Amino acid sequence: MSEPLRIGVVGAGRVGAVLASALRTAGHEIVAVAGESEASRSRIDALLPGVVVDKPSAVARACDVLLLTVPDDMLDNVVQMLSASGSLRDGQFVVHTSGRHGLEVLAPATALGARAVALHPAMTFTGTELDLDRLHDIVFGVTAGPAERRFTESLVADLGGRPMWVPEDKRILYHAGLAHGANHLVTLVAEAMEMLVAAGGDDPAGTLRPLLEAALDNALNHGDAALTGPIVRGDVNTVRAHLADLVVSAPQTVPSYVAMARATLSRAVSDGRLLPIRAATLTRVLDGAVAPTIPVTGVVRR
């Protein structure tokens, strides 16, 4: 553990409450936390019992390390508000957990002499104690200046993680990779379960789990070499049949099926596993797919 720190937290969402609880367990003092919603107050009670709840400006004034765990689109306004209110000071560490933002968003704070750090956990959170064990050995996408490097590495270690140093101009790309891999995966899996329900399955999650776990492991270990299925085999008639049935049975999944099939087709051609002439035929099938416009309220839910 590093030297005990006096930490304040602005934003007791799923991420903030969990990180603060982990830092508290590591021996640091959580001096105050700001969180206004009923959900935030419940998380504070469960994960940070006894910690003072106060306004953001008061939290900032009370701590040596300020952890900003607010939504990406709110971060700039919060930093500007705290800077303009005189709540920040020279030498204070101001750390945000946004994946998208780097150090630029903290410029109003650094203009006052604060020391800026971007520290984003590459993990999905429930906002409960279940997340505490998940912090072990996860990667934190971090951006900091040379003078803040040792502090940043120490903070990540106290959270049980490993740092991935992300250049300032690569933060958006870093975050897009995580969102594409994790957030879009949720949509993909949900749609696959909808297809299986439409096919009469009574346990779509149980059906998919072993297949998806194997596919994910293979993809992480072998990349494009892990590709299997009708696209990489060039099974034109199978893909055509899929699309015809989806239009009738699960039309809300057609646009994403076509989009992912196109991406898979491109990768299969690039690595030489699918002949261009076969790929051209598959492309025509995908181009001719009926992709009806489905209103948001029309999505089938289990």
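Note that the structure is predicted; figures quoted are calculated from it, not measured.

Undergrad: Which parts of the structure should I look at to understand the overall build of the protein?
TA: The secondary structure content of the protein amounts to 13 helices and seven strands. Out of the 302 residues in the protein, the part that is buried amounts to 39%. Restricting the contact set of the protein to residue pairs at least 6 apart, pairs at least 24 apart contribute 62%. Total accessible area computed for the protein in this model is approximately 16,100 Å², and 57% of it derives from carbon and sulfur atoms.

Undergrad: Just to check I follow, could you spell out the confidence of the model for the protein for this structure?
TA: The predicted model of the protein has a mean per-residue pLDDT of 94, with 95% of residues at 70 or higher. Below pLDDT 50 for its whole length, residues 291-302 participates in 14 contacts with residues either more than four positions away or in separate chains.

Undergrad: Is there a simple way to think about the pattern of salt bridges in this case?
TA: Pairing is possible between side chains that carry opposite charge, provided their charged atoms lie close to one another. The tally for this structure, following the rule as stated, stands at ten salt bridges. Notably, a salt bridge pairs R134 with D131, separated by 3.5 Å at the nearest N-O pair. Taken as a pair, R134 and D131 lie in helix α6 (residues 130-134) at a separation of three residues, close to a single helical turn. Taking the shortest distance from any N to any O, the salt bridge between D224 and R267 comes out at 2.8 Å. Residue D224 is located in the loop between α9 (204-222) and α10 (230-233), and its partner R267 is located in helix α12 (residues 254-270); the two are separated by 43 residues in the primary sequence. Accessibility expressed as a relative area gives 27% for D224, which makes it partly exposed.

Undergrad: Explain the packing of aromatic side chains here, please?
TA: Within a pair of aromatic rings, the relevant descriptors are the distance that separates the centres and the angle that separates the planes. Summed over the entire model, instances satisfying the criterion amount to one aromatic pair. For the ring pair F93 and F151, a centre distance of 3.8 Å and an interplane angle of 15 degrees mean the geometry is stacked. With F93 in strand β4 (residues 93-96) and F151 in helix α7 (residues 149-158), this residue pair connects regions lying 58 residues apart in the sequence. Residues F93 and F151 agree in their burial class; the two are buried. Above the ring of W165, the side-chain terminus of R149 is found at 4.1 Å from the ring centroid.

Undergrad: What is the right way to look at a nonpolar patch on the surface in this model?
TA: A cluster of nonpolar side chains, contributed by L185, L188 and M260, occupies part of the molecular surface with about 250 Å² of accessible area. Within the secondary structure, L185 sits in helix α8 (residues 171-198).

Undergrad: Teacher, can you tell me more about the environment of H120 here?
TA: Looking at the element boundaries, H120 is found in strand β5 (residues 115-121). The class for H120 is buried, based on a relative accessible area of 12%. Sequence-distant contacts of H120, that is, excluding residues within four places in its chain, are made with T97, S98, G99, V139, F140, G141, R171, Y174, H175 and L178.

Undergrad: Whenever I open this one, the pairing of β4 confuses me. Can you help?
TA: Sheet faces and side chains relate simply in a regular strand, where the side chains alternate between the two faces. Side-chain alternation along β4 places F93 and V95 on one buried face and V94 and H96 on a second face that is also buried. The pairing of strand β3 (residues 65-68) with β4 spans four bridges and is parallel. Each residue of the ladder has a partner; that of L68, found in β4, is H96. In the classification by handedness, the crossover that spans β3, the intervening helix α4 (residues 72-84) and the parallel β4 is right-handed.

Undergrad: Can you walk me through the packing of helix α11 (residues 236-249) against α12 in this structure?
TA: Helix-helix packing is described using two parameters, namely the angle between the two axes and the distance between the axes. In the contact formed by α11 and α12, the axes pass within 10 Å of each other and the chain directions differ by 160 degrees. In terms of orientation, α11 and α12 fall into the roughly antiparallel class. Of the two possible hands of crossing, α11 and α12 adopt the one that is left-handed. Contact residues: V239, H242, L243, L246 and V247 in α11; V254, Y257 and V258 in α12. The residue inventory of the contact of α11 with α12, partitioned by class, reads seven nonpolar, one polar and no charged.

Undergrad: Explain the packing of α11 against helix α13 (residues 276-287) here, please?
TA: Viewed as axis vectors pointing N to C, α11 and α13 meet at an angle of 10 degrees, and their least axial separation amounts to 10 Å. With respect to each other, α11 and α13 are oriented roughly parallel. Residues V236, V239, R240 and L243 of α11 form the contact with α13, whose participating residues are R278, T281, L282, V285 and L286. Looking at side-chain class alone, the contact of α11 with α13 contains six nonpolar, one polar and two charged residues.

How each quantity is defined
Residues numbered from 1 in each chain as written. Predicted model: local features only at pLDDT ≥ 70, side-chain atom pairs only at ≥ 80, totals over all residues. Heavy atoms only, no water. Helix = DSSP H or I, 4+ residues; strand = E, 2+ residues; numbered from the N terminus. Buried < 20%, exposed > 50% of the residue type's maximum accessible area, 1.4 Å probe, protein only. Contact = heavy atoms within 4.5 Å. Areas by Shrake-Rupley, 256 points an atom, 1.4 Å probe, with all protein chains shown as cover. pLDDT = per-residue confidence, 0-100. Salt bridge = Lys/Arg side-chain N within 4 Å of Asp/Glu carboxyl O. Phe/Tyr/Trp six-rings, centres within 6.5 Å; stacked < 30°, edge-to-face > 60°. Lys NZ or Arg CZ within 6 Å of the ring centre and 35° of its normal. Patch = residues over 30% accessible without salt bridge, like charges linked within 9 Å, V, L, I, M, F, W, Y side chains within 5 Å. Pairing = 2+ DSSP bridges. Right-handed = clockwise from strand over helix to strand, strands pointing away. Axes fitted to C-alpha atoms, helices over the stretch in contact; angles between N-to-C directions. Parallel < 35°, antiparallel > 145°, perpendicular 65-115°, else oblique. Left-handed = near helix turned anticlockwise from the far one by under 90°. Nonpolar A, V, L, I, M, F, W, Y, C, P; charged D, E, K, R; others polar.

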